[in-house]
Amino acid sequence: MLDNLTQRLSGVIKNLRGQARLTESNIQDALREVRLALLEADVALPVVKEFTAQVKQAALGQEVIGNLNPGQALIGVVHRELARLMGEANAGINLATVPPAVILMAGLQGAGKTTTSGKLARLMREQMKKKILLVSCDVYRPAAIEQLRTLAQQLEIDFFASDISQKPRDIALAAQDYARKHHHDVLIVDTAGRLAIDAAMMEEIQQLHAALKPIETLFVVDAMTGQDAVNTAKAFGAALPLTGIILTKLDGDARGGAALSVRHITGKPIKFVGVSEKLNGLEAFHPERMASRILGMGDVLSLIEEAQREVDHAEAEKLAQKVKKGEGFDLNDFKMQIVQMRKMGGVSALMDKLPAQLSQAAAGSKVDDKSISRIEGIINSMTPRERSHPELIKASRKRRIAAGAGVQVMHVNQLLNQFEQTQKMMKMFSKGGMAKMMRGMKGMLPGMGR
Amino acid sequence: MFGFLKKTATEQHTPEKTGWLSRLKSSLVRTGGQLSELFGRGGKIDEDLYEELETILITADVGMDATRFLLAELRHYVKVQHLTEAGQLKEALAHCLLKLLKPLAQPLETGTYQPFVIMLCGVNGAGKTTSIGKLTRYFQGQGKSVLLAAGDTFRAAAREQLMEWGARNNVTVIAQQGGDPAAVIYDAVQAAMARKIDVVLADTAGRLTTQAHLMEEIKKVKRVIAKALPDGQARLPLSNFPPQAGERTNESLRESGSSAPHEVLLVLDANTGQNALSQVKAFGDALGVTGLVLTKLDGTAKGGVIAAIAKAHPIPVRFIGVGEGLDDLRPFVAEDFVSALLGLDND
Ligand SMILES: Nc1nc2c(ncn2[C@@H]2O[C@H](COP(=O)(O)OP(=O)(O)OP(=O)(O)O)[C@@H](O)[C@H]2O)c(=O)[nH]1
Ligand SMILES: Nc1nc2c(ncn2[C@@H]2O[C@H](COP(=O)(O)OP(=O)(O)OP(=O)(O)O)[C@@H](O)[C@H]2O)c(=O)[nH]1
Ligand SMILES: [Mg+2]
Ligand SMILES: [Mg+2]
């Protein structure tokens, strides 16, 4: 497991505990940990420096207000500042222009431009009922045009055929003309990947921009990007009037600090995030969640959203509501989560979405796909009433359930413990937000440093 | 100090892509500039200098762990060598970085088996398919025959992309419409045996390591390759070359099993930050990665995460990618990489 802020700060908070107020020197320690955690999350160094300076400012302000636990105050500030820097939620696509509204995709090689073009087309058709045309201006990468053509075909979205013997600008203009004539609402223009320091290629995309006058120019960034994100973002931002950012491959285990770097450097909103190779894998951006992720706080809510996508909608919605309210989360829900977990590729796939302590605890207690089947078996041998009222399950019921599931009573106990922790966790998460959760975590999970 | 780069650039006349060298240089000028400023001001070694060095390492994606380690090494070295002048510090850091990276410089030797089967893996968009195109050219340049296996049956037009690289190199690509990746590569290995091909390069679909089912799938691909070419089936060579120092010898290969794939290459994008460590770990656990390819070094990214990898999970770096053309591949040379990372040529 990667180091992260939650781990780091639990140590610092311990040190801060018992100290009445934040001083210039004890906040220094905490800030050093924040700095390290952000660097490990791949936030670029200049951005980290600015951020910690801001946090310090804000935190010293809190001291004046006084009444809070110093650790609480600091974590609150860190998360709040980070979320604020991430920008607004749900910045949609702007189509306020004479159709066809042109969307130009730009970014480094392999960032995900072509795939995202397909995803965006699908999203706009489904959610906004738009008529879309897709075109590729990538005359360089082998089979790049073919790739977009295949995606368009899979989606049954119109595709403007192009050829590697043509010039990108000519392709784009012809596509625009075609879109006008055929009353397309939107034209999505995929482009070749390019290095920010490749002057000729940067000039090419500037010319494309000048010819097309796109209403959206989207910078596509791989969530795994490291420190160089600042250089790339600077260069693309200088060459093109970007209107937004799309962060791809967030389904991986990268902390995604590049999101903060790119957002900070370009000042443009992150409009969507890519969360799968599949064409339905594009989601709205949520600054709070991204902040939690960068800080290593995990992301229970997007876990639930993922569940919604993959499985029964009504059920997942119910669960999301419950979790939001922090009540009524029972063993039925727990089991449903497990079933969903299966559908989403097993425990290991989900580990990194969970808050650090939870996933560590899980790793420590050897929760693997095998033990998950066991848990499922145990819950299956409970009566519906037991599932919704786990507090009923006392010794004799435990024995019956264990026998039914072919396990030992010990295993039933383990499961009930685990369930209880999850329940607490969910409550904490929904009610008090991060600060409360941080505080609650200490006693909550087995094997956590105390 | 740029001797190596100059030499390779003049040796390899690549009219379509001469840009990478100048790009590499211009990107390095920035680092170099930072460094010359830092060291050029003369005077004694002090804490500010160390802090500036830390900045340079961190912004090259070396990561906190390896950066701390390198700085500790550097302080130690400075002490035992009794260095005092600011101007001496850069060579000292280069020395420490080289010590860390040198063990990774182990060229890939494909003469040990025929066919020598190389499987490529990595996250989405890292540069696997393009690297296969370049590797084909590289091995052909060594007089070897090459066959490609289109093991990415998932991504749109992945097959067509590899076929194009096959056509550019004039080599056969074994592919199926749709189908199972393991089956395609199995067929390719069989074909290579029948045709006495020297090197098989197997492409696989990009996958993020969090996708458990895809990690299982690629493990299966490896198992199936082993079945296609089990122990003892690959021709053992006459061994007219000495095994590399630190390389597995034929002896140990026989012990550890000589079944294919003989090399599992993990392709890493130089733009990647600390997640590269997690990639090395996850693909390593799943497949037993035996070598790395670091792509896209022609950009501004330094690929310093290799130093983090050298410290945490050392695996030989076989090649670096420096462009999108057929010739834009180089064997990894630790000295050159260190010079490039620290901008040592730009005094
Ligand atoms: N897991 C995952 N994979 C993604 C995502 N977005 C793109 N990909 C994959 O990343 C790889 C590269 O995507 P492309 O769309 O080809 O990237 P590109 O920017 O068009 O690449 P070039 O045209 O070569 O510069 C492909 O394997 C995609 O399937 C995502 O959000 N999640
Ligand atoms: N500048 C530069 N671009 C590279 C290099 N290697 C690969 N690329 C580009 O990176 C993009 C992705 O390369 P691919 O070979 O398709 O990557 P992949 O790992 O096969 O991708 P998937 O199969 O989709 O996972 C393409 O646009 C390549 O041209 C390199 O060394 N330098
Ligand atoms: Mg593309
Ligand atoms: Mg590929």
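As the structure is a prediction and not an experimental result, all values here were calculated from the model.

Overview of the interface of chain A and chain B
With 39 residues of chain A in contact, the opposing surface of chain B contributes 40 residues. Mapped by element, the contributors of at least two residues to the side of chain A that touches chain B are helix 2 (24-40), helix 6 (144-155), helix 9 (229-239) and helix 15 (347-351) of chain A. Here the side of chain A that touches chain B takes four residues from helix 6 of chain A, the largest share from any one element. Taken together, the residues that form the side of chain A that touches chain B break down as 14 nonpolar, 14 polar and eleven charged.

Some words on the sheet that holds strand 6 (residues 291-295) of chain B
Residue and element names in this part refer to chain B. As summarised here, the arrangement of the eight strands in space is 3-2-4-1-5-6-7-8, forming an open sheet in which the pairing is mixed. The outermost strands of the open sheet, each flanked by one partner alone, are strand 3 (172-174) and strand 8 (329-331). Within this sheet the neighbouring strands show an average axis-to-axis angle of 25°, counted without direction. Looking at chain direction, strand 2 (residues 146-149) and strand 3 are connected through three bridges and run parallel. Paired with Leu-147 across the strands is Thr-172, a residue of strand 3. Here helix 6 (residues 128-141) sits on the sheet and contacts strand 1 (116-121), strand 2, strand 4 (199-202), strand 5 (263-269), strand 6, strand 7 (317-321) and strand 8; the angle it forms with strand 2, its principal contact strand, is near 165°.

Here's the deal with the site of ligand 1
Near ligand 1 there are 26 residues, and of these Gly112(A), Gly193(A), Gly274(A), Asn124(B) and Gly125(B) occur at the shortest range. Residues within reach of ligand 1 are spread across chains A and B. Broken down by class, the residue content of the shell around ligand 1 amounts to five nonpolar, 14 polar and seven charged.

With respect to the packing of helix 5 (residues 89-101) of chain B against helix 13 (residues 334-342) of chain B
All names here are of chain B. Taken N-terminus to C-terminus, the directions of helix 5 and helix 13 make an angle of 135°; their axes are 9 Å apart at the nearest point. What the angle tells us is that helix 5 and helix 13 run oblique. Our pair here, helix 5 against helix 13, has a crossing hand that is right-handed. Residues Lys-90, Leu-93, Ala-94, Leu-97, Leu-98 and Leu-101 of helix 5 touch helix 13, and the partners they reach there are Ala-334, Glu-335, Phe-337, Val-338 and Leu-342. Looking at the contact of helix 5 with helix 13 residue by residue, the class counts come to nine nonpolar, no polar and two charged.

Things to note about unusual backbone geometry
Residues and elements named next belong to chain B. In this chain, Gln-114 is followed by Pro-115 through a cis amide linkage whose omega measures -5°. For Pro-115, the location among the structural elements is in the loop between helix 5 and strand 1. Cis geometry is found at the peptide bond from Ala-260 to Pro-261, where omega equals -10°. Among the structural elements, Pro-261 can be located in the loop between helix 10 (250-256) and strand 5. Even without glycine at this site, Asp-61 takes up a positive phi of about 70°. Inspection of the secondary structure puts Asp-61 in the loop between helix 3 (47-59) and helix 4 (64-80).

Points about the site of ligand 2
Lining the immediate surroundings of ligand 2 are 27 residues, of which Gln109(A), Gly127(B), Thr130(B), Gly206(B) and Gly321(B) lie closest. At ligand 2, the nearby residues belong to more than one chain, namely chains A and B. A breakdown of the residues in the shell around ligand 2 according to their chemical character gives six nonpolar, 13 polar and eight charged.

Calculation rules
- Residues numbered from 1 in each chain as written.
- Chains lettered and ligands numbered in written order.
- Predicted model: local features only at pLDDT ≥ 70, side-chain atom pairs only at ≥ 80, totals over all residues.
- Contact = placed C-beta atoms within 7 Å.
- Helix = DSSP H or I, 4+ residues; strand = E, 2+ residues; numbered from the N terminus.
- Nonpolar A, V, L, I, M, F, W, Y, C, P; charged D, E, K, R; others polar.
- Pairing = 2+ DSSP bridges.
- Axes fitted to C-alpha atoms, helices over the stretch in contact; angles between N-to-C directions.
- Near = placed C-beta within 6 Å.
- Parallel < 35°, antiparallel > 145°, perpendicular 65-115°, else oblique.
- Left-handed = near helix turned anticlockwise from the far one by under 90°.

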